[in-house]
Amino acid sequence: MKLVKKEIIVFVVMTIMISVFALYNYAWFSSAIKNVKDSNVQIKTTKNLKGTYSNLESNSNGVDGDKCIKDEVLTIKCIGDSVTEGMGLPDAHKAEVGGESYPSILYTMLSESGVNATVENAGHGGEDTASIVARLGGTKLYLTDNLVFDKDGISDCLDGLIVADYGSDLYMPVNFSCTATDLNPIVINGINYKAVRRLGANNEYETYLTKSDLDSEDFVLAGSEVQITVSRHNSVNVIFAGINDDNNISFNTYIEILKKGIKASGDDYIILGPHINYYYREGFLKGSTSEERHESYVRRMEEEFGERFVDLNTLWFERAFPVALEKGYLVGMSSEERNIIKDKLSKKIVPAEFTVNNKENGVHLNEVGYAILAEIVYDKLEELGYF
C-alpha cells in the first residue's frame, strides 16, 4: 500500500513538472514567433509612382534598414552651357524645387510625380561642346604649356592651356567658364589645386589655379595630366551642347566629341539638339537652305544616337504654345496677343515673352521657355524607361 502511494505521488509530481515545462516552452515559442512576425511587419516597402523603393524600416539585428538596403535614387545630371545654367535667373547653376531654370523645373516635376530623384545643374555659360563633354569625365586632359605660380600661390591664366584627348588624334582645347561645379579640386601630379574665376588683364573673367600648399612646386610642366572632379556614375546624363562652338568645327568632329561623352555616360543619356538654328549654318551641314540643313542634322543625329536624341528645334516650337497655355503662362493676354505668339512659334521665332531679357529670338529663356524644355526632357526620360 505504501509503495502504491509512493508511485502515485511520483506520478503526480512528474505530471506537474511536465505541464510546467510544456507551458514554459509554449510561451517561449509563441514569443519567438511573435518577434519574427513583428520583424517582418516592420520591413515595409512602399513602391513609388515610378518604380523605386523607399521607406525601408527594419530593426532586425539592431541595424537601421536604410543602412541595410540603399534606396534607388535616380540621379540626373543636366550638363551644358548657359541654356542649361539658366543664365539671368535667380537659380542659375542650381536645380531646386520651385526654381525657374530647366533643371529646377525638371526637378519640381519629378518630385511632384513621386519620383525618387535628384537633379544636378551642371551648366557652364560660354562653354563649347569639347569643354562640356570633358566634364563628363570620359576623356583625358593635358597641359599644353608650363604653368607657373606666383609667390601668393596663384597660377598663370589656365584658359587655352588644356586640351582634351578624344582619340584618333583628335585633340580639342577646353576652357572652363565656371568653377561652381565639375572642377574642384583639380589634381595635377598628385597635388590638389582649386580653380577660381577672377578679373584678368583685359578686365574679363578668367580661370586660374590656386595652391593650398604654398611650399609645393612653383610650376607644373607641359604634358602633365589634369584631372577634374566631376560627378560620375549618374543614372542619366542630359547633354545640351554646341551653341558656342567655333564656326570652323566640322559636324564629324562634333559627332566624335559627343560619342566620347557617351562612353562616359553609359547607355543612359539624352542629347538635346539646340532649340535655335546655330547648327543649320552654311558649311556645317549639307543643304542649300536652312530646312535642308536641319533635315541633314536630324537625320545624322538619329543615325548616331537613335531615340536618345531630341530635336529641340522641332519639339520646342511644337510644344511651346500648348504647354504655356496649360500652365497658365498666357493668362491675362488677349486673343490677339496669343495669336501673335502662336504665329511666331509656327515660324520658329522665339517670342520675347519666353526669353529672360524679353528679346525676340533670344538664346536664354525665362521660366516659360524653360518649362517647355523641362516638359520635353521629362517625357523623354519617361519614354526611355529611366523612371
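The coordinates are above.
Residues numbered from 1 in each chain as written. Predicted model: local features only at pLDDT ≥ 70, side-chain atom pairs only at ≥ 80, totals over all residues. Heavy atoms only, no water.

Participant: I'm lost on the sheet that holds strand β10 (residues 191-199) in this one. Help?
Facilitator: Two modes of strand pairing occur in sheets, parallel and antiparallel, and in both the strands are linked by backbone hydrogen bonds. A sheet is described by the order of its strands in space; here seven strands give the open sequence β8-β7-β5-β13-β9-β10-β11, paired in antiparallel fashion. Two strands lie at the open edges of the sheet, namely β8 (171-174) and β11 (205-211), each paired on one side alone. Between one strand axis and the next, the sheet turns through 40° on average, direction left out of account. Relative to β8, strand β7 (residues 162-165) runs antiparallel, the two being bridged by four bridges. Bridge assignment links V163 to a residue of β8, and that residue is P173. (Pairing = 2+ DSSP bridges. Helix = DSSP H or I, 4+ residues; strand = E, 2+ residues; numbered from the N terminus. Axes fitted to C-alpha atoms, helices over the stretch in contact; angles between N-to-C directions.)

Participant: Is there a simple way to think about the nonpolar core in this case?
Facilitator: The tendency in soluble globular proteins is for nonpolar side chains to be buried as a group. In this structure, L272, W316 and F354 are the most contacted members of the largest nonpolar core, which totals 50 residues. Contributions of two or more residues to this core are made by β3 (74-80), α4 (102-112), β4 (117-123), β14 (236-240), β15 (269-273), α8 (312-326), α9 (335-346) and α10 (367-383). Residue contributions to this core peak at ten residues, all from α10. In this view, L272 contacts Y102, V238, I239, F240, A241, V310, L312, L373 and V377; residues no more than four positions away in its chain are not counted. I79, L158, A241 and F305 belong to the second-largest nonpolar core, a separate cluster that totals 49 residues. (Core = buried A, V, L, I, M, F, W, Y, C linked by side-chain atoms within 4.5 Å. Buried < 20%, exposed > 50% of the residue type's maximum accessible area, 1.4 Å probe, protein only. Contact = heavy atoms within 4.5 Å.)

Participant: So what exactly am I meant to see when it comes to the sheet that holds strand β16 (residues 309-311) here?
Facilitator: In space, the five strands of this open sheet follow the order β4-β3-β14-β15-β16, with parallel pairing throughout. Looking along the sheet, the strands with just one partner apiece sit at the ends: β4 and β16. In this sheet, adjacent strand axes meet at a mean angle of 15° when their direction is disregarded. Relative to β15, β14 is paired through four bridges, and the arrangement is parallel. Paired with N237 across the bridge in β15 is Y269. Its contacts with the sheet place α8 against β14, β15 and β16, and it is angled at close to 55° to β16.

Participant: What exactly am I supposed to notice about the packing of aromatic side chains here?
Facilitator: The geometry of two aromatic rings is summed up by the distance between their centres and the angle between their planes. Counted under the stated rule, the structure contains nine aromatic pairs. With centroids separated by 5.9 Å and ring planes inclined at 20°, the aromatic side chains of F251 and Y254 adopt a geometry described as stacked. On the criterion of helical spacing, the pair formed by F251 and Y254 is a turn pair, its members being three residues apart in helix α6 (residues 251-265). Here F251 matches Y254 in class, with each residue buried. Ring centres of Y297 and F309 lie 5.9 Å apart, and the angle between their planes is 80°; this geometry places the pair in the edge-to-face category. Of this pair, Y297 sits in helix α7 (residues 290-305) while F309 is found in strand β16, placing the two residues twelve residues apart along the sequence. In terms of burial, Y297 and F309 fall into one category: buried. Across the ring face of Y208, the terminal group of R198 is positioned such that the distance to the ring centre comes to 5.3 Å. (Phe/Tyr/Trp six-rings, centres within 6.5 Å; stacked < 30°, edge-to-face > 60°. Lys NZ or Arg CZ within 6 Å of the ring centre and 35° of its normal.)

Participant: How should I be thinking about the environment of I276 in this particular structure?
Facilitator: Residue position: I276 is located in the loop between β15 and α7. The spacing of I276 and V350 is 74 residues in sequence and 8.5 Å in space, taken between C-alpha atoms. In this structure I276 touches I243, N313, V350 and V363, once residues within four positions along its chain are discounted.

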